[in-house]
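What follows is the residue order along each chain.
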Amino acid sequence: MKLVTYNVNGIKARLPRLLEYLTEQQPDVVCLQEIKSSDDSFPHADIEALGYGAVWHGQKGFNGVAVLARGQVPVERQRGLAGEAEDEHSRYLECEVDGLVVASIYLPNGNPQPGPKFDYKLRWMERLATHARTLLDAEVPTVLMGDYNVIPNDDDTFSVRAMTSDALMQPESRAAYRRLLAQGWTDALRTRHPTGGVWTFWDYQAGAWQRDAGFRIDHLLLSPQAADRLVDAGVDKEYRGRDKASDHAPTWVRLT
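Enquirer: Help me understand the overall build of the protein in this model?
Expert: Counting its secondary structure elements, the protein contains eight helices and 14 strands. Taking 18 Å as the expected radius of gyration for a compact globule of 256 residues, we find that the protein reaches 17 Å, a close match to that expectation. Within the protein, the proportion of its 256 residues that are buried is 57%. Considering only contacts in the protein between residues 6 or more positions apart, those separated by 24 or more positions represent 70%. In the structure as shown, the protein presents an accessible area of about 10600 Å², 50% of it carried by carbon and sulfur atoms. Once the 29 positive and 36 negative side-chain charges of the protein are each reduced to a mean point, those two points are 4 Å apart.

Next comes the structure, spelled out in C-alpha cells:
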C-alpha cells in the first residue's frame, strides 16, 4: 500500500494538481490537509470519477482535512479531538481502510510566538497525544499522517538560523513531538532518511523552491503494528515544481 499525506493549500485552486497526482501515482490512501473548503463545496465528484472514495471535514476558507481511498469509501471513525469543546477548527479526521486506521492531521501553525496561537498549538499537540495513546492501546495498524507544522531536528531545515524564531522549531514544539514519538510511534520518513536533508515544504516567497530552501513538516507516524510493515518512505518532490502547485509536496510511506 502507498499511503500519502498531502497539504494541498486549497483544494479548489489545486484540484488539477491533485487529480494529476491521483492519476499518475494511484496511491491507495491519501490524507489531505488545508482543503479550505466547506463540506458542501468539496469537489468529491471529480475525485470519485478517478475511482476514489472520500470522507472530508471541511471549514470554509480555512483548515479542513480529508481522507481518500482507492476503490472504496473510507469508514469514518472520528472527526476532531476531544479536550476543548469550543474548538471548531477542522484539523483531525480519522478513518479505517482495509483494517488500517489512518488519520489526516493539520496541526496549528502557532505563529506568531509567543502568544495565544502558540499556546493553542501546544494544547492541540497534547490533545493529539492523549488520543494517540488510545490508538496505540487498541493495537491496530495505525498511521497518523499530515502537516504537523513541526521541524523536529536541525537537519530537517535548510537553515536553522532562518527558522530560529518560528513556532515550527521552538523547543516546546519539538518536545511535544518527541513526547508523541516516545509513546511508541515510528517517524517513517526519518527512519528511511536518518541523516535528514529531506524537505516536504518550500515557501512561495524568496525563491525558496528554486533555492531548495525547504524544511520537513509533513510526517507519517506508524504504530508498532504498522511499522512492522514498513517498506519505504519518501517525498514526491517533483510535484512541488509543477505549475500552480501547492507549497507542500506529497509525502508517502509504503507498507506491505
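Next comes the rest of the write-up.
Enquirer: In this structure, what is going on with the sheet that holds strand E5 (residues 75-79)? I would like to understand it.
Expert: Either a parallel or an antiparallel arrangement is found when strands of a sheet pair, and the pairing is made through backbone hydrogen bonds. Ordered by their spatial adjacency, six strands build an open sheet running E5-E6-E7-E8-E12-E9, and the pairing between neighbours is mixed. Two strands lie at the open edges of the sheet, namely E5 and strand E9 (186-187), each paired on one side alone. Bridge count for strand E7 (residues 100-106) against strand E8 (residues 142-147) is six bridges, and the pairing is parallel. Bridge pairing in E8 links Tyr-106 to Asp-147. Contacts from helix H3 (residues 116-137) reach E5, strand E6 (92-97), E7 and E8, with the element oriented near 20° to E6. Together, E9 and strand E12 (218-222) form the strand contacts of helix H5 (residues 171-182), whose direction differs from that of E12 by roughly 25°.

Enquirer: I tried to follow the pairing of E7 on my own but got confused; where do I start?
Expert: A regular strand places its side chains so that they alternate between the two faces of the sheet. Counted residue by residue, E7 has seven buried out of seven residues, so it is predominantly covered. Residue alternation in E7 divides its side chains into two sets, Leu-100, Val-102, Ser-104 and Tyr-106 and Val-101, Ala-103 and Ile-105, and both sets are buried. Note: E6 against E7, six bridges, orientation antiparallel. Its bridge partner being in E7, Glu-94 is matched across the sheet by Ala-103. In the classification by handedness, the crossover that spans E7, the intervening H3 and the parallel E8 is right-handed.

Enquirer: Honestly, unusual backbone geometry in this entry has me stumped. Any pointers?
Expert: What is expected of a backbone is that most residues other than glycine have negative phi and most peptide bonds are trans. Pro-112 follows Asn-111 through a cis peptide bond whose omega is 0°. Here Pro-112 is to be found in the loop between E7 and H3. A cis amide bond links Gln-113 with the next residue in sequence, Pro-114, at an omega value of -5°. Inspection of the secondary structure puts Pro-114 in the loop between E7 and H3. Positive phi outside glycine occurs at Lys-36, with the angle close to 50°. Unlike most non-glycine residues, Glu-139 shows phi in positive territory, near 55°. Within the fold, Glu-139 resides in the loop between H3 and E8.

Enquirer: Can you help me understand the packing of aromatic side chains in this one?
Expert: The geometry of an aromatic ring pair is captured by the separation of the ring centres together with the interplanar angle, meaning the angle of the planes. The tally for this structure, following the rule as stated, stands at six aromatic pairs. Pairing Trp-202 with Trp-209 gives two aromatic rings, centres 5.0 Å apart and planes at 85°, and the pair type is edge-to-face. Trp-202 gets classed as buried once you look at its relative accessible area, which sits at 0%. Of the residues examined, Trp-209 reaches a relative accessible area of 23% and is grouped as partly exposed.

Here is what the cut-offs are and how they apply
- The numbering scheme is per chain: residues are counted from 1 as the chain's sequence reads.
- This being a predicted model, a pLDDT of at least 70 is required before a residue's local features are given, and a value of 80 or more before pairs of side-chain atoms are given or counted; all residues contribute to the totals for chains, interfaces and linings.
- Values shown for side chains rest on all heavy atoms present in the structure; no hydrogens or waters enter the calculation.
- Helix numbers and strand numbers start at the N terminus; a helix is a DSSP run of H or I with at least 4 residues, a strand a run of E with at least 2.
- In this setup the radius of gyration rests on C-alpha atoms only. A globule is expected at 2.2 Å times the number of residues raised to 0.38.
- Working definition: with a 1.4 Å probe on protein chains only, accessible area under 20% of the residue-type maximum means buried, over 50% means exposed, and in between means partly exposed.
- We call two residues in contact whenever any of their non-hydrogen atoms come within 4.5 Å of each other.
- The method behind every accessible area is Shrake-Rupley, applied with a 1.4 Å probe, and residues are considered shielded solely by the protein chains displayed.
- Asp and Glu are treated as the negative residues and Lys and Arg as the positive ones, with His and the ends of the chain left uncounted.
- The atom standing in for a charge is NZ when the residue is Lys, CZ when it is Arg, CG when it is Asp and CD when it is Glu.
- A pair of strands is treated as paired once DSSP finds two or more bridges between them.
- Simply put, an axis is a line fit to the C-alpha atoms, just over the touching stretch for a helix, and the angle between two N-to-C directions goes from 0 to 180 degrees.
- By convention a crossover is right-handed if, when the strands point away from the viewer, the path from the first strand over the helix to the second runs clockwise.
- Aromatic pairs are defined between Phe, Tyr and Trp rings, using the six-membered ring for Trp, whenever the two ring centres lie within 6.5 Å; interplanar angles under 30 degrees are classed as stacked, those over 60 as edge-to-face, and all others as tilted.

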